[in-house]
Amino acid sequence: MALLLRPFLLILLTAVAAQAQEEPPAIPDLSPQLQAPAEEPAAPAPVVPSQDPAETGPVLPPPSDTAPEPPAPAAADPAGSLEAPASAAADPTGSPEAQAGAAPEADPAQGPTADEPALGLPPVPIPHDLTPWGMFEAAHWVVQAVMIVLAAASFVTWTVLLFKLVEIAIARRRLASTAGTVRGSATLDEAVQRLSGRRDPAAFMARAAFEELQRSDAALDLAGTAGLKERVRSILERVEAQAGERLRRGIGLLATIGSVGPFVGLFGTVWGIMNAFIGISQSQTTNLAVVAPGIAEALLATGLGLVAAIPAVVIYNHFVRSIASWRLSLADAGAAVERMLSRDLDFRTAGRL
């Protein structure tokens, strides 16, 4: 009987050994921790029922739309479970789904990459050039009129500068020559003869004093010389005032330009900024490339106002000082004529005595 049961026991032990080889003891799965992201837990491996490989064939994983799960570790060798991911990553013939799942994702916080176009609106082109002439052409007609007026004022300033420099230089030279002649003459009659033909204010003073002396000659013996000296002094003061006023002609424009120019430019700036804000409201954008040209055009008017006003003020002050110095020299020449007249009167009274 024991001999008859021995073959059946051998067959049963063989089946149990084969089943033990097909279902090894469970070991910890380390491959999901190496391949899966840190923030996603690894999915458990599917449990395959123990079947005879010869009858069922190879077991295929179920289809899935998501990224493929890491392969199940080999049952026989625990070390093989650690080498399987490396061999799978080195295999260039992997499935397209696996390659797509392994591709790195771009971080939106880092901004667009070099191969990716920049997001947002395209750059707004500047509507016109920002040169002074371009801004003048693009400005409002009121601002253009203000700029033209300021440019004309600046031209007037430099024109007055050239003419008055020449005029004051000529007046200084003539006054210096006439004053030297008056100081070098012994009598008023001699000074008038030497100054004949000259038309400068100092020469006119000498001739006016000599004419008044001739007109008052008949009354000097009875009325005295006090009245004559007062009349000559009055004539000399009026000649000096008229000559100074004539020389100041034209510099009043400089004073006007220097005082009004900044306000005219400010008017153009206010008008231009007002139009710029109207354009901003119509375009419904605050982009600097759209807002800046209108404001630049408005500020150009203020710049032209300062360009016209600052030189006008400086030139005006220079001419005021130059004319004051010239009038002082003319007053010295008039005083020399008055002293010469007083000397002639004294010699005449002494000669009669």
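Residues numbered from 1 in each chain as written. Predicted model: local features only at pLDDT ≥ 70, side-chain atom pairs only at ≥ 80, totals over all residues. Heavy atoms only, no water.

- By the naming in an unreviewed UniProt entry, the protein chain goes by Biopolymer transport protein ExbB and is assigned to Cereibacter azotoformans.
- On record in UniProt, under Subunit (unreviewed entry), the comment for the protein chain is "The accessory proteins ExbB and ExbD seem to form a complex with TonB."
- In its Function (unreviewed entry) section, UniProt records this for the protein chain: "Involved in the TonB-dependent energy-dependent transport of various receptor-bound substrates. Protects ExbD from proteolytic degradation and functionally stabilizes TonB." (UniProt positions renumbered as here; feature names shortened; annotations may be inferred.)

### Description of the overall build of the protein chain
Working step 1: For the protein chain, the count of helices and strands is 13 helices and zero strands.
Working step 2: When the helices and strands of the protein chain are read in sequence order from the N terminus, they spell out α-α-α-α-α-α-α-α-α-α-α-α-α.
Working step 3: Counting over 353 residues, the protein chain shows a buried share of 25%.
Working step 4: The contacts in the protein chain between residues at least 6 apart in sequence include a share of 79% that link residues at least 24 apart.
Working step 5: Here the protein chain displays about 23,900 Å² of accessible surface, and carbon together with sulfur accounts for 64% of that area. (Helix = DSSP H or I, 4+ residues; strand = E, 2+ residues; numbered from the N terminus. Buried < 20%, exposed > 50% of the residue type's maximum accessible area, 1.4 Å probe, protein only. Contact = heavy atoms within 4.5 Å. Areas by Shrake-Rupley, 256 points an atom, 1.4 Å probe, with all protein chains shown as cover.)

### Re the packing of aromatic side chains
Working step 1: Summed over the entire model, instances satisfying the criterion amount to one aromatic pair.
Working step 2: Their ring planes at 50° and their centres at 6.1 Å tell us that F267 and W271 sit as a pair that is tilted. Of the two residues, F267 and W271 both sit in helix α12 (residues 251–283), four residues apart, roughly one turn of that helix.
Working step 3: A relative accessible area of 28% means that W271 is categorised as partly exposed. (Phe/Tyr/Trp six-rings, centres within 6.5 Å; stacked < 30°, edge-to-face > 60°.)

### Comments concerning the nonpolar core
The nonpolar side chains of soluble globular proteins are, as a tendency, buried together.
Working step 1: Counting residues in hydrophobic clusters, the biggest one holds 38 residues, and the most contacted among them are L188, F319, W326 and L330.
Working step 2: Contributions of two or more residues to this core are made by α7 (141–184), α8 (188–194), α9 (201–215), α11 (226–247), α12 and α13 (288–352).
Working step 3: Here the element with the most residues in this core is α13; it accounts for eleven residues.
Working step 4: Formed by eight residues, the second largest nonpolar core is a distinct cluster that contains M135, A139, V143 and L150. (Core = buried A, V, L, I, M, F, W, Y, C linked by side-chain atoms within 4.5 Å.)

### Thoughts on the environment of W158
Working step 1: For W158, the location among the structural elements is in helix α7.
Working step 2: Residues W158 and P311 lie 153 residues apart in sequence; the distance between their C-alpha atoms is 8.4 Å.
Working step 3: In contact with W158, not counting residues within four places along its chain, are P311 and I315.

### Thoughts on the side chain of S216
Working step 1: Tracing the sequence through the fold places S216 in the loop between α9 and α10 (220–223).
Working step 2: At 2.8 Å, the side chain of S216 forms a polar contact with the side chain of R231.
Working step 3: Every residue in contact with S216, bar those within four places of it in the chain, is listed here: L228 and R231. (Polar contact = N/O pair within 3.5 Å; in protein donor to acceptor, adjacent residues only side chain to side chain.)

### Description of the pattern of salt bridges
Working step 1: Evaluation of the coordinates by the stated rule reveals three salt bridges.
Working step 2: In this structure, E338 and R233 form a salt bridge, with 2.9 Å as the shortest nitrogen-oxygen distance. A residue pair is termed long-range when its members are at least 10 positions apart, and E338 in helix α13 and R233 in helix α11 qualify at 105 residues.
Working step 3: Looking at R233, the relative accessible area reads 36%, which means it is partly exposed. (Salt bridge = Lys/Arg side-chain N within 4 Å of Asp/Glu carboxyl O.)

### Topic: a nonpolar patch on the surface
Working step 1: On the surface, F263, L266 and V270 cluster together into a nonpolar patch covering about 320 Å² of accessible area.
Working step 2: Tracing the backbone through its elements, the reader meets F263 in helix α12.
Working step 3: By relative accessible area, F263 is classed as exposed at 59%. (Patch = residues over 30% accessible without salt bridge, like charges linked within 9 Å, V, L, I, M, F, W, Y side chains within 5 Å.)

### Notes on the side chain of K164
Working step 1: Assignment of secondary structure puts K164 in helix α7.
Working step 2: Of the polar contacts made by the side chain of K164, one reaches the backbone oxygen of R249; its length is 2.9 Å.
Working step 3: The residues contacting K164, other than those within four sequence positions of it, are R246, L247, R248, R249, I251 and F319.

### A short note on the confidence of the model for the protein chain
Working step 1: Per-residue pLDDT for the protein chain averages 73, and the proportion of residues at 70 or more is 61%.
Working step 2: This stretch, residues 72–127, has a pLDDT under 50; its non-local contacts, to residues over four places away or in other chains, come to 20 contacts. (pLDDT = per-residue confidence, 0-100.)

### Section: the packing of α7 against α12
Working step 1: Relative to each other, α7 and α12 sit at 160°, their axes nearing to 10 Å. Considered as vectors, α7 and α12 are oriented roughly antiparallel to each other. The hand of the α7/α12 crossing is left-handed. Where α7 abuts α12, its residues V142, V143, V146, L150, A153, V156, T157, V160 and K164 lie against I251, L253, L254, I257, G261, V264, G265, F267, G268, W271 and G272.
Working step 2: Residue composition of the contact of α7 with α12, by class: 14 nonpolar, five polar and one charged. (Axes fitted to C-alpha atoms, helices over the stretch in contact; angles between N-to-C directions. Parallel < 35°, antiparallel > 145°, perpendicular 65-115°, else oblique. Left-handed = near helix turned anticlockwise from the far one by under 90°. Nonpolar A, V, L, I, M, F, W, Y, C, P; charged D, E, K, R; others polar.)

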